Every structure is written in C-alpha cells, then in structure tokens.
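Here is what each chain is made of, one letter per residue.
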Amino acid sequence: MKPKSADILVINGTLLTLDANHTEIVDGAVAISQDTITAVGSANGFSDWSAARVVDAGGGIIMPGLINTHTHAAMTCFRGLADDLQLMNWLNNHIFPAEAKLNDQKVYQGTLLACAEMIMSGTTCFCDMYLFEDAVARAARDAGMRAVVGEVLYDFDSPNYGPIEKGFEYTQKLIDAWRADPLVTIAVEPHSTYLCAPELLKKAFQLTQSLRLPLVIHLAESKSEVDQIKERYGRTPVEHLAELGILAPNVLACHCVELTENDIHLLQRFDVKVAHNAESNMKLASGVAPIPELLDKGICVGLGTDGCASNNNLDLFLEMDTVAKLHKARTLDPTTMDALSVLKMATIQAARALGLDHLIGSLEAGKKADLIIIDTNKPHLTPMYSPVSHLVYAAMGSDVATTIINGRVVMENGSLNTMDLRKVMDDVNQIAKELKST
Ligand SMILES: [Zn+2]
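These figures come from a predicted structure and were not determined experimentally.

*Asks:* Help me out: how do you make sense of the pattern of salt bridges in this one?
*Replies:* In a structure, side chains of opposite charge can pair up when their charged atoms sit close to one another. All told, the structure shown has 20 salt bridges when counted by the stated rule. In this structure, Asp 227 engages Lys 223 in a salt bridge whose closest nitrogen and oxygen atoms are separated by 3.1 Å. Residue Asp 227 and its partner Lys 223 are located together in helix α6 (residues 223-233), separated by 4 residues, close to a single helical turn. Within this structure, Asp 104, Asp 134 and Arg 138 form a network of salt bridges that share partners.

*Asks:* What is the right way to read the side chain of Thr 305 from this model?
*Replies:* Tracing the backbone through its elements, the reader meets Thr 305 in the loop between β14 (301-303) and α11 (316-331). Among the polar contacts listed, one links the side chain of Thr 305 to the side chain of Asn 68, at a separation of 2.9 Å. When neighbours within four sequence positions are excluded, Thr 305 is seen to be in contact with Asn 68, His 70, Thr 71, Asn 277, Ser 280, Asn 311, Asn 313, Leu 314, Asp 315, Leu 316 and Glu 319.

*Asks:* What is the right way to read the packing of aromatic side chains from this model?
*Replies:* Each pair of aromatic rings is reported with the distance of its centres and the angle of its planes. Considering all chains together, one arrives at 2 aromatic pairs under this definition. Aromatic side chains Tyr 154 and Phe 156 sit 4.1 Å apart centroid to centroid with 20° between the ring planes, which places their arrangement in the stacked category. Taking the relative accessible area as the measure of exposure, Phe 156 reaches 40% and is therefore partly exposed. Seen from the ring of Phe 168, Lys 203 lies directly overhead, with NZ or CZ sitting 4.5 Å from the centre.

*Asks:* So what exactly am I meant to see when it comes to helix α2 (residues 104-120) here?
*Replies:* One full turn of an α-helix is made of 3.6 residues, so residues set three or four places apart face in the same direction. Taking 1.5 Å of rise per residue, the 17 residues of α2 would be expected to cover 24 Å, and the 24 Å separating its terminal C-alpha atoms lies within 8% of that figure. Counting buried positions along α2 gives 14 out of 17 residues, so the element sits mostly inside the fold. The backbone nitrogen of Gln 105 lies 3.1 Å from a side-chain oxygen of the residue at the head of α2, namely Asn 103. Directly after α2, the chain includes Gly 122, whose backbone phi takes a positive value near 85°.

*Asks:* Mind showing me how you'd approach the coordination of the zinc ion here?
*Replies:* Ideal geometry at a metal centre: 109.5 degrees between donors when four sit tetrahedrally, and 90 or 180 degrees when six sit octahedrally. Within the protein, His 70 (NE2), His 72 (NE2), His 218 (NE2) and Asp 306 (OD) serve as the donor atoms for the zinc ion, at 2.1 to 2.6 Å. Coordination at the zinc ion is irregular, judged from the 4 donor atoms that bind it and the angles of 80 to 176° they form at the metal. When the donor residues of the zinc ion are listed from N- to C-terminus, their spacing reads H-x1-H-x145-H-x87-D. One end of the pair, His 70, is in strand β6 (residues 66-71); the other, His 218, is in strand β11 (residues 215-219), with 148 residues separating them in the sequence. This pair shows no difference in class: His 70 is buried, exactly as His 218 is.

*Asks:* Sorry, what's going on with unusual backbone geometry here?
*Replies:* Most peptide bonds take the trans configuration, and most residues that are not glycine carry a negative phi. A cis geometry characterises the amide bond from Asn 311 onward to Asn 312, with omega recorded as 5°. Along the chain, the position of Asn 312 falls in the loop between β14 and α11. Residue Pro 383 is bonded to the preceding Thr 382 through a cis peptide linkage, with omega at -5°. Phi angles above zero are rare outside glycine, and His 22 is one such case at about 50°. Among the secondary structure elements, His 22 is positioned in the loop between β1 (5-16) and β2 (24-33). Its relative accessible area of 19% is what places His 22 among the buried residues. For Phe 132, which is not glycine, the phi torsion reads 55° and is therefore positive. Mapped onto the elements, Phe 132 comes out in the loop between β7 (123-130) and α3 (133-143). On the basis of relative accessible area, Phe 132 is assigned to the buried category, the value being 8%.

Thresholds, definitions, all that
Residues numbered from 1 in each chain as written. Predicted model: local features only at pLDDT ≥ 70, side-chain atom pairs only at ≥ 80, totals over all residues. Heavy atoms only, no water. Salt bridge = Lys/Arg side-chain N within 4 Å of Asp/Glu carboxyl O. Helix = DSSP H or I, 4+ residues; strand = E, 2+ residues; numbered from the N terminus. Polar contact = N/O pair within 3.5 Å; in protein donor to acceptor, adjacent residues only side chain to side chain. Contact = heavy atoms within 4.5 Å. Phe/Tyr/Trp six-rings, centres within 6.5 Å; stacked < 30°, edge-to-face > 60°. Buried < 20%, exposed > 50% of the residue type's maximum accessible area, 1.4 Å probe, protein only. Lys NZ or Arg CZ within 6 Å of the ring centre and 35° of its normal. Expected span 1.5 Å × (residues − 1). Donors = N, O, S within 2.8 Å, 3.2 Å for Na, K, Ca; no water. Tetrahedral: all angles 85-135°; square planar, octahedral: opposite > 155°, others 65-115°.

Put into structure tokens, the structure is as follows:
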C-alpha cells in the first residue's frame with residue numbers, strides 16, 4: 001500500500017473523538033489536510049504516513065475544540081467593572097452607560113482579547129451577540145477562530161446602527177459581506193421578547209427562514225422577565241414565541257431558566273436549541289435552568305459563558321465543572337449530569353445547537369480540523385483513570401497546550417500564533433482607563 005500523507009499529523013495522545021460511539025483511543029492520531037480531518041485512528045495505523053508537520057501531544061488528551069454557544073465577547077472590556085449588584089442596577093447604572101461609549105474599534109479590541117482567552121482555554125468556536133458585530137467577525141477572522149455572529153436587534157435606537165430599520169440593513173450587510181467566509185457564520189439576533197416588539201421578532205424570523213440562518217435570542221432568563229411578558233401579552237416568553245410562530249429548529253434560546261412544563265413541551269415540539277449559562281445565571285442570581293429535565297425530553301443543550309461582566313471569564317472547562325455540580329446540588333442526585341453528558345454539551349451538542357454539527361463538534365474524517373491538546377502532565381491531573389472525568393472535574397483552561405482551528409495551529413505550547421497578546425491586553429487596558437476617567 002502506498003504511504004498516505006497529511007499536512008499535519010497529531011500523535012502521541014489519548015484521543016477522544018466525541019463521535020456517536022464515543023470512540024476513545026489510548027494511543028491515537030489525527031491526520032489533517034488543509035482545513036479538514038482526513039483520518040482518525042490508532043497511532044500504529046499511521047506508521048507509513050508522511051506529514052509536512054507532526055504535532056506531538058506529549059501523552060496528553062487530543063479532543064475536539066470546545067464550543068461556546070453564548071457570548072458577548074467584547075464585554076471583556078467590562079470584566080470586574082461592577083459585581084455583586086441587583087440586575088437592573090447593574091445594567092442601568094454600570095453596563096449600559098459603559099456600552100454607550102463603545103465603538104467599532106473598541107469592540108474589535110475587546111473581542112480580540114476574548115478570542116485570545118478562548119483559544120488559550122481550548123475554545124475554537126463561539127456564538128456572539130453584541131453591537132458592532134462586523135468588528136466581532138473581523139476579530140474572529142484575524143484571531144483564526146470560528147464564530148457565529150449577529151448584531152443585536154431591539155426596539156430602541158442602537159449606539160451602532162440607530163433605529164431598528166437600520167439594524168435590519170446592518171444585518172443584511174453582514175450576511176452579504178461574510179457569506180463565503182470559511183470561519184464566520186452570520187445569525188439574526190433579536191435581543192429578547194422584552195426588548196423586541198412582535199413585529200421585530202417576526203421580521204427577524206422571516207429573514208432566517210429565507211436564508212437558512214440561525215436565530216439567537218435571550219429567552220426566559222429571569223422571573224422578572226417572565227412576569228413582564230405575562231403582564232404585557234398574557235403568556236410566558238416561550239408561549240409568546242410559539243404564538244408568533246417563531247419556534248423552530250434553527251432557534252437558539254439562551255438561558256431558559258424560568259420554564260413551565262408547557263414551555264418545555266413547546267421547546268421539545270419545535271426542536272428549539274438551548275444555550276445553558278450556569279455561571280452567569282448564578283452570578284446574576286437568575287436561578288438554575290432545569291437542564292436535566294430538558295435533556296430528558298431530548299432537547300439539545302449547549303454550554304455558554306455569557307459575557308465577561310457576568311461570569312467573569314470565558315473558560316469552558318470551569319463552566320463544565322460548575323454545570324456538572326450545580327445540577328447535582330439542585331436535584332440532590334449525584335448521578336445527574338454525568339461528566340460525559342456535560343462534555344458533549346461543550347462539544348458535539350453545542351455544535352448541533354449552532355447548526356454546525358456536520359462540520360465541527362467531534363473528531364471524524366471529513367469534519368473541519370478544530371481540535372485541542374490538553375497537557376495532562378500536571379499534579380492536578382495525576383493519575384488519570386478517566387480522561388472524561390478529568391476534563392470536567394479537574395482540568396482548567398490553562399491546561400490547554402495547543403489549539404488548531406480549521407487546520408491552522410493558532411496556539412502551540414501555550415503561545416498564540418495569530419496575535420500579539422501583549423498589544424491586545426494593552427489596548428483593552430487603555431479602554432478601561434478611558435472608561436474609568438469618564
Ligand atoms: Zn447574554
């Protein structure tokens with residue numbers, strides 16, 4: 001047989017594929033050509049392969065990159081600006097005034113910092129909602145990250161586009177500009193049922209249907225939101241979307257903390273996807289989303305960190321640990337949210353939530369080459385009976401040694417190849433200085 005060749009051959013690690021059979025190979029290897037995984041298997045099957053580049057995992061874990069289903073990336077600029085406050089006080093007196101000072105350049109710089117943090121903690125794809133999203137798309141592209149991005153739409157004027165008609169124009173421009181991009185997917189993103197009138201929601205949904213795009217929305221995040229929507233429309237936020245005819249498989253509902261049984265039934269019936277943001281919900285005291293109940297019904301749930309002002313980091317390893325433990329404490333059942341289920345929510349289920357599971361979320365031939373290597377040669381990861389257990393309960397983002405996205409090595413041995421990290425941090429420190437002085 002003729003030797004096979006690859007651009008990159010990743011070897012010498014325990015391989016977790018996260019495929020349908022959860023294939024785990026003790027001494028595994030992954031072959032990559034251009035942006036695609038061409039072969040996955042046991043290392044001895046690759047002995048006759050030649051590769052332009054061999055990446056040695058050093059006996060660590062080789063796995064799919066993590067996927068963050070809900071971010072406001074540029075909020076890295078506000079990390080630690082205001083903590084431990086009531087939601088409305090936090091929003092009205094701290095976050096909204098700070099956001100009013102943002103512009104395209106600041107959002108670009110804040111997002112680059114977010115990308116640095118995400119790549120360095122093993123996240124290879126994120127789904128973002130914010131202002132000035134063209135800057136977010138450019139930052140993701142420049143950082144070499146995969147991203148789903150959409151401009152936040154709401155009834156009042158935006159610091160970016162002004163009135164809502166312009167918001168739809170801006171969204172259309174994003175769609176046109178990024179249509180052929182290998183890393184960036186555009187979504188339509190109405191903020192929520194409480195900041196968006198029914199007409200806006202319907203128009204946003206129509207746009208997604210005609211162009212087959214994801215629709216991302218905050219939904220049932222807190223009790224006060226549910227009370228407000230009930231008072232306004234006489235139904236829950238989920239029932240409200242059902243009534244407007246905009247529950248569908250391409251809808252990603254972020255948070256879903258306050259749900260009735262009927263709400264859960266509707267999410268299941270319309271195959272709506274859910275982004276679970278446990279740490280943000282805890283920090284803002286919104287409550288605990290009934291995730292085990294959603295999983296029981298077969299609803300697809302991906303993990304998210306939410307923005308940096310309500311978390312205050314973008315580390316999905318820490319998020320997985322929190323999620324696995326939080327639901328055990330809530331249900332008093334230590335068998336709920338087992339480590340593998342949680343790991344899937346940060347990989348293959350997150351990919352499904354974004355409509356990207358045909359491309360990413362597992363390591364399989366034909367999928368895009370988004371993978372990470374975990375350095376397990378650390379005291380807190382010794383010994384290792386189960387890689388899955390370690391990834392959820394013991395590992396941290398800082399254990400990620402190498403990150404490959406779309407076949408490109410964006411970080412190796414802890415250092416970023418796609419940006420000057422010192423400059424990226426200096427730029428955001430400068431933004432923080434300006435924010436403090438005004
Ligand atoms: Zn959010």
